[in-house]
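# Overview (structure and organization)
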Amino acid sequence: MLLAQACGAQEFVLAVNEGVTYQDGSSMSERYKALADLLEKELKHPIKVQGVDRYSNFETGLDAERYDLVFIHPAHIGLRAVKSGKYFGLVSAKDFTEYRARVFVKKDSAVKTIADLRDKKIGVPSMESITTVMFAASLNELGFRDPATRFTATRYQDAVPFMVENGFVEAGVTGSAAVAKDWVAKGGRVIGETKPVPVKQFLVSRKLSPEQRDKVQNLLIKLSENEAGKTALKGINMKGFVPWDAAVMADATKRLGI
């Protein structure tokens, strides 16, 4: 690393977006330092961690190819970058390959299935959230016309139950299994869920060589097999990564209308 810096090598940018629900307020540069150090050692190239909170800014940056390495929660943005050919998908977070949107209503609601939501008001996370994108795609498959016009959005997923409880909307949508479980424990009902989509993807720019891409992928997959890797995973609150499944991702890309 020091040799590369001394020679004036331009840093690789590792851009990170962890979504909204899963942020814990701690310093991103500190939490990703152990992972960045491992990547630097493997690639023999300096790496700078850059958090990109706004989805629109992240999408613009990806389109302009400003980032060399990418760890991204909103799957639709990552899949769009891969479809463009500007980035390659390497791995997905191990515990987030079955991410899905769950739809819930009050216990006494007349709504029994997702199909019954036609013309009903629905509470969702932000309109650009992967949870909302997945849910809208499911409604499109059911033949709903302009479903987003019935959405009432809130920034945080755990605020959606409040809207349902107080009658602002007929149903709510969440990607959080914990929120759905808590809702059922309090007497509410979950009436359905979307098909799963892997989120928290690690991408790499086409500017990196095939050899460099392989090195990054192998390092990420093997993080849980050694102490340094486990330390890096603990810092970013992940349990590990699994290889990119091209068939699954192609299906998700199609279903989400990307």
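Quick caveat, the model's predicted, so the values are computed rather than measured. (Residues numbered from 1 in each chain as written. Predicted model: local features only at pLDDT ≥ 70, side-chain atom pairs only at ≥ 80, totals over all residues. Heavy atoms only, no water.)

## Some remarks on unusual backbone geometry
One non-glycine residue, Asp 119, lies in the positive phi region at around 70°. With respect to the secondary-structure elements, Asp 119 resides in the loop between strand E5 (102–105) and strand E6 (122–124). Located in the positive-phi region is Lys 200, a residue other than glycine, with phi close to 60°. Relative to the elements of secondary structure, Lys 200 occurs in the loop between strand E9 (189–193) and strand E10 (201–205). The exposure class assigned to Lys 200 is buried, which follows from its relative accessible area of 4%. (Helix = DSSP H or I, 4+ residues; strand = E, 2+ residues; numbered from the N terminus. Buried < 20%, exposed > 50% of the residue type's maximum accessible area, 1.4 Å probe, protein only.)

## Regarding the packing of helix H3 (residues 33–43) against helix H10 (residues 227–235)
When two helices pack together, their arrangement is given by the angle between the helix axes and by the axis-to-axis distance. At their nearest, the axes of H3 and H10 sit 7 Å apart, and the two run at 135° to each other. With respect to H10, the element H3 is oriented oblique. Across the interface between the two elements, Ala 34, Leu 35 and Leu 38 of H3 pack against Ala 228, Gly 229, Thr 231 and Ala 232 of H10. For the contact of H3 with H10, a count of residues per class yields 5 nonpolar, 2 polar and no charged. (Axes fitted to C-alpha atoms, helices over the stretch in contact; angles between N-to-C directions. Parallel < 35°, antiparallel > 145°, perpendicular 65-115°, else oblique. Contact = heavy atoms within 4.5 Å. Nonpolar A, V, L, I, M, F, W, Y, C, P; charged D, E, K, R; others polar.)

## What to know about the pairing of strand E4 (residues 87–93)
The element E4 is extensively covered by neighbouring structure, given that 6 of its 7 residues are classed as buried. In terms of strand pairing, E4 meets E10 through 5 bridges, oriented antiparallel. Within the sheet, the bridge partner assigned to Val 91 lies in E10 and is Phe 202. Pairing between E4 and strand E11 (residues 241–243): 3 bridges, direction antiparallel. Bridging across to E11, Ser 92 finds its partner in Val 242. (Pairing = 2+ DSSP bridges.)

## Focus: the sheet that holds E9
Two orientations exist for strands paired in a sheet by backbone hydrogen bonds: parallel and antiparallel. Spatial strand order, E7-E6-E8-E5-E9: 5 strands in an open sheet with mixed pairing. Each edge of the open sheet is held by one strand with a lone partner, namely strand E7 (151–153) and E9. Averaged over all neighbouring strand pairs, the angle between strand axes comes to 30°, with direction disregarded. Inspection of the sheet shows E6 paired to E7 by 3 bridges, in the parallel sense. Directly across from Ile 122, in E7, lies its bridge partner Phe 151. Sheet contacts for helix H8 (residues 177–185): E5, strand E8 (171–174) and E9; angle to E5, the most-contacted strand, approximately 25°.

## Topic: the packing of H3 against helix H9 (residues 210–221)
Interhelical geometry of H3 versus H9 gives an angle of 140° and a closest axis separation of 10 Å. If you check the angle between H3 and H9, you find them oblique. The two elements H3 and H9 meet at a crossing, and its hand is right-handed. Contacts between H3 and H9 involve Leu 35, Leu 38, Leu 39, Glu 42 and Leu 43 from the former and Gln 212, Lys 215, Val 216, Leu 219 and Leu 220 from the latter. Of the residues belonging to the contact of H3 with H9, the class tally is 7 nonpolar, 1 polar and 2 charged. (Left-handed = near helix turned anticlockwise from the far one by under 90°.)

## Examining helix H4 (residues 55–63)
By the burial criterion, the buried members of H4 are Tyr 55, Phe 58, Gly 61 and Leu 62. When H4 is viewed along its axis, its buried side chains cluster within an angular range of 125° and face the same direction. Those residues of H4 that are buried lie in contact with strand E1 (12–17), strand E3 (69–72), helix H5 (75–83) and E4. Remark: Glu 65 follows H4 within two positions and exhibits a positive phi of approximately 60°. (Arc of directions from axis to C-beta.)

Purely spatial values, then, with no claim about function.
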